[in-house]
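Descriptive structure summary
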Amino acid sequence: MRSGSWRNTIDEQRHKIADLLQESLSLKSYPEEVLAQCYYRGLKAASNETELPINTFPVECPYSIAQVLDSEFLPDTIDL
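Residues numbered from 1 in each chain as written. Predicted model: local features only at pLDDT ≥ 70, side-chain atom pairs only at ≥ 80, totals over all residues. Heavy atoms only, no water.

For the rest of this paragraph, the subject is the overall build of the protein chain. Tallying secondary structure elements over the protein chain gives three helices and zero strands in all. N-terminal to C-terminal, the α/β element order of the protein chain is α-α-α. Based on the C-alpha atoms only, the size of the protein chain along its principal axes is roughly 40 × 25 × 20 Å. Sorting the 80 residues of the protein chain into buried and exposed places 15% on the buried side. Here the analysis covers contacts within the protein chain between residues at least 6 apart in sequence; of these, 46% occur between residues at least 24 apart. As displayed, the protein chain offers around 6600 Å² of accessible surface, 54% of which is attributable to carbon and sulfur atoms. Put simply, the protein chain has 7 plus and 13 minus side-chain charges, and the middle of one group is 3 Å from the middle of the other. (Helix = DSSP H or I, 4+ residues; strand = E, 2+ residues; numbered from the N terminus. Buried < 20%, exposed > 50% of the residue type's maximum accessible area, 1.4 Å probe, protein only. Contact = heavy atoms within 4.5 Å. Areas by Shrake-Rupley, 256 points an atom, 1.4 Å probe, with all protein chains shown as cover. Lys, Arg positive; Asp, Glu negative; His and termini not counted. Charge placed at Lys NZ, Arg CZ, Asp CG, Glu CD.)

Mapped onto the fold, Arg 14 is located in helix H1 (residues 4-23). For the buried residue Arg 14, which engages in no salt bridge, the nearest side chain bearing the opposite charge is Asp 11, 4.7 Å off. When sequence neighbours within four positions are dropped, the list of residues in contact with Arg 14 reads Gln 67, Val 68, Leu 69, Asp 70, Ser 71, Glu 72 and Phe 73. (Salt bridge = Lys/Arg side-chain N within 4 Å of Asp/Glu carboxyl O.)

The subject of this paragraph is unusual backbone geometry. Positive phi, close to 65 degrees, is recorded for Glu 51, a residue that is not glycine. Secondary-structure assignment places Glu 51 in the loop between helix H2 (30-50) and helix H3 (65-69). A relative accessible area of 71% places Glu 51 in the exposed class.

According to the stated counting rule, one finds two salt bridges in the structure shown. For the salt bridge of Glu 12 with Lys 16, the shortest nitrogen-to-oxygen distance reads 3.4 Å. With Glu 12 and Lys 16 both in helix H1 and four residues apart, this pair spans about one turn of that helix. Judged by relative accessible area, Glu 12 falls into the partly exposed class, the value being 41%.

In structure tokens form, the structure reads like this:
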């Protein structure tokens, strides 16, 4: 179940990333470099929050970095 808070959190984090990338152009490729590591951290957090086993979720991030950073992109569903 998604709430407005869920959407606001995503928007806030995307804005923070965009601000950091704008402040330091040398970081432009950094998000793609760390996507896998960040996704794994998110897996652990999702598992903890939902109390579902970590292997319930996709092993690798199912989204491109362009989708992750796109302010208009929200996945409809994830096949678990």
